[in-house]
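Structure assessment
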Amino acid sequence: MRSMTIQTLRGTADLLGEELLRWERIEQQSRQIARRYGYQELRTPILEDATLFQRSIGETTDIVQKEMFLFEDRGGKPIVLRPEGTSAIVRAYLEHNLHKTVGFSKLFYLGPMFRAERPQAGRLRQFHQIGAEAIGSSSPWVDAELIVLCMELIRAAGVTRTTLWLSSMGCRDDQRRSAETLRAALQPHRPKLCETCQGRMEKNVFRVLDCKRPADRELAWSIAGKGVFTRCAGCQEHFDAVRKALTSLGIPFDDTQLFARGLDYYTRTVFEVKAEGLGSQDAVAAGGRYDLLVEELGGPSTGAIGFAAGIERLMMAAQAGAPPSAQPARAGLYLALATPTLIGDAFRLVHTLRRQGLDAIMDYDGKSLKAQLREADKLSIRYVAIFGEEELRQQMLTVKDLAQGQSRQQQIPLTRVMETLTPHTSC
Ligand code: HAM
């Protein structure tokens, strides 16, 4: 029986070649930029206790109700593949007593997240986030600094045509008041809503605002727009201070729209960054304040804010706005064997060059010299060093520079390969 080929699961993807290099660049740049803003990296496990997300994201959210990859371990404990980073970072902040030892902590993370959503362009089941969380301060300056960091990471990834949507959801009292007003306003229209939204009316009426059914969403927004959301004086003051700080740095934003976030932990500042050219899944990053979450997860009462950017969406948006990619830069050295019996000497030589810091590869399958040269060219290698009886006798390599055309070649003593080629060979 012919065996069937096995492919990646829907909503997941392999990462290789040029795409992987671009991906690594985004990760490296983000780490550097986050460090410049005083954010330290924290890595949390991919597997977490399911209760964490039920308590933090909210029981009535789509993520918790339908989208978590949830299973029981052998002891019957509910485990999830983490659907987001914020809750895990707060758990780690408390578990490692950072609230007692450090207090105000600025934490950075990146890695895979998992949501069992219906896959489409820009919406995956395993996706990757770059995120930052500032835990232990309620200052609006922290909001502004974090938003600036978010915008800088997005720009460094090559995404330039973006809009920063900024709003404030107010405190829990404001939200309770707004929920009551929204519920009352929606009541006469209740029969028109889908069954899920009818249930949401009691449990969490804000979720109607991000219902997957456009008719429900539009109805709720047409009502919500009419002054349903009000903020208390303290929340208004906080929002004004964030806007003023951003304006002082020349960061443009649009605060004319209200928007719903799909997670329940938010209070006060919320924001989303949308990029042009991405279609319906156009949020490249999003975040906001969650001033009650640390306490709800068993810590002290303390303010916090964060954001996460989706790496896949950043890559798509950067591509949408970028010119066609240039030829990859040539790098490294290919040691081509002119005499197959010298494979042992070549093996040792490549090992020595690598230990000296050169990117070096060779062939192990007895390819002809011509085939080796072809392979080096295909792999975008910069130098081909030919190694045969004559070279071994003279302790030399004949080196061709493929970036300069194959006619340019030079003889380099084995002891000087590193110093002659290094300025050109680092990837
Ligand atoms: P979120 O809005 O659920 O927020 O996700 C943040 C970003 O992750 C989105 O803007 C998007 O770029 C990316 N993303 C989310 N879901 C998917 C998916 N299924 N496929 C591809 N990309 C996706 C959070 O996760 C919050 N933890 C953000 C936050 C941090 N709030 C405070 N701190």
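Preceding this paragraph is the structure being described.
Residues numbered from 1 in each chain as written. Predicted model: local features only at pLDDT ≥ 70, side-chain atom pairs only at ≥ 80, totals over all residues. Heavy atoms only, no water.

**As for the packing of helix α1 (residues 17-36) against helix α6 (residues 140-156)**
At a closest axis distance of 10 Å, the pairing of α1 and α6 adopts a crossing angle of 155°. In terms of orientation, α1 lies roughly antiparallel with respect to α6. Regarding α1 and α6, the two cross each other, and that crossing is right-handed. Within the contact between the two elements, α1 uses Gln29, Ser30, Ile33, Ala34 and Arg36 and α6 uses Leu149, Glu152, Leu153 and Ala156. (Axes fitted to C-alpha atoms, helices over the stretch in contact; angles between N-to-C directions. Helix = DSSP H or I, 4+ residues; strand = E, 2+ residues; numbered from the N terminus. Parallel < 35°, antiparallel > 145°, perpendicular 65-115°, else oblique. Left-handed = near helix turned anticlockwise from the far one by under 90°. Contact = heavy atoms within 4.5 Å.)

**Describing the sheet that holds strand β11 (residues 331-337)**
A sheet is described by the order of its strands in space; here 5 strands give the open sequence β12-β11-β13-β14-β15, paired in mixed fashion. A single partner strand is all that each edge strand has here, and the edge strands are β12 (360-362) and β15 (409-413). Direction aside, the axes of adjacent strands within the sheet are offset by 30° on average. Bridging between strand β13 (residues 381-387) and strand β14 (residues 396-401) involves 4 bridges; their strand directions are antiparallel. Note that in β14 the partner of Val384 across the bridge is Lys400. Along the sheet face, helix α13 (residues 343-356) touches β11, β12, β13 and β14 and points at about 165° away from the line of β12. Contacts from helix α14 (residues 369-378) reach β11, β13 and β14, with the element oriented near 170° to β11. (Pairing = 2+ DSSP bridges.)

**Observations regarding the sheet that holds strand β8 (residues 269-275)**
The 7 strands are arranged β1-β5-β6-β10-β9-β8-β7 in an open sheet whose pairing can be described as mixed. Where the open sheet ends on each side, the last strands, each with one partner, are β1 (40-41) and β7 (162-168). In this sheet, β8 lies alongside β7 in antiparallel orientation, the contact comprising 7 bridges. Each residue of the ladder has a partner; that of Leu164, found in β8, is Val273. Strand contacts of α1: β1, β5 (105-114) and β6 (126-135), with the helix running at about 160° to β5, the strand carrying the most contacts. The strands that helix α10 (residues 233-248) touches are β7, β8 and β9 (283-289); relative to β7, the one it contacts most, it runs at about 155°.

**Considerations on the pairing of β14**
Most of β14 is tucked away: 6 of the 6 residues are buried. With burial as the criterion, each face of β14 is covered, one bearing Met396, Thr398 and Lys400 and the other bearing Leu397, Val399 and Asp401. Sheet topology places β14 next to β15; 5 bridges connect them, and they run antiparallel. Within β15, the residue paired with Leu397 across the bridge is Ile412. (Buried < 20%, exposed > 50% of the residue type's maximum accessible area, 1.4 Å probe, protein only.)

**Some words on the nonpolar core**
Membership of the largest hydrophobic core comes to 44 residues, with the highest contact counts inside it found for Tyr39, Leu246 and Phe307. Once residues within four sequence positions are removed from consideration, Tyr39 is found in contact with Ala34, Lys106, Leu107, Phe108, Ala132, Glu133, Ala134, Glu145, Leu146 and Leu149. Listed in part, the 33 residues of the second largest apolar core include Ala50, Leu107, Met113 and Tyr265. (Core = buried A, V, L, I, M, F, W, Y, C linked by side-chain atoms within 4.5 Å.)

**Things to note about the site of the ligand**
Taken together, 27 residues surround the ligand, and among them Glu84, Thr86, Glu117, Arg261 and Tyr266 come closest. Separating an oxygen atom of the ligand from a side-chain N or O atom of Arg115 is a distance of 2.9 Å. With respect to the ligand, the backbone of Ala283 contributes an N or O atom lying 2.9 Å from an oxygen atom. Taking 650 Å² as the accessible area of the ligand by itself, protein coverage stands at 96%. Contributing elements (two or more residues each) for the shell around the ligand: β6, β9 and β10 (304-310). Considering each element in turn, the shell around the ligand owes the most residues, 6 residues, to β9. For the shell around the ligand, the per-class residue count stands at 13 nonpolar, 7 polar and 7 charged. (Near = heavy atom within 4 Å. Polar contact = N/O pair within 3.5 Å; in protein donor to acceptor, adjacent residues only side chain to side chain. Areas by Shrake-Rupley, 256 points an atom, 1.4 Å probe, with all protein chains shown as cover. Nonpolar A, V, L, I, M, F, W, Y, C, P; charged D, E, K, R; others polar.)

**A few points about the pattern of salt bridges**
Applying the stated criterion across every chain yields a total of 33 salt bridges. When the shortest N-O distance is used, the salt bridge between Glu67 and Lys212 registers 3.3 Å. Separated by 145 residues along the polypeptide, Glu67 in helix α3 (residues 62-67) and Lys212 in the loop between α8 (195-203) and α9 (214-224) bring together distant segments of the chain. Residue Glu67 is classed as buried on the basis of its relative accessible area of 6%. With its nearest N and O atoms 2.7 Å apart, the salt bridge here joins Asp143 to Arg289. One end of the pair, Asp143, is in helix α6; the other, Arg289, is in strand β9, and 146 residues separate them in sequence. Each of the two residues, Asp143 as well as Arg289, counts as buried. (Salt bridge = Lys/Arg side-chain N within 4 Å of Asp/Glu carboxyl O.)

**Focus on the state of the cysteines**
The tally for this structure, following the rule as stated, stands at 0 disulfides. Here Cys194 is not disulfide-linked; the sulfur of Cys197 is the nearest cysteine sulfur, at 3.7 Å. (Disulfide = S-S within 2.5 Å.)

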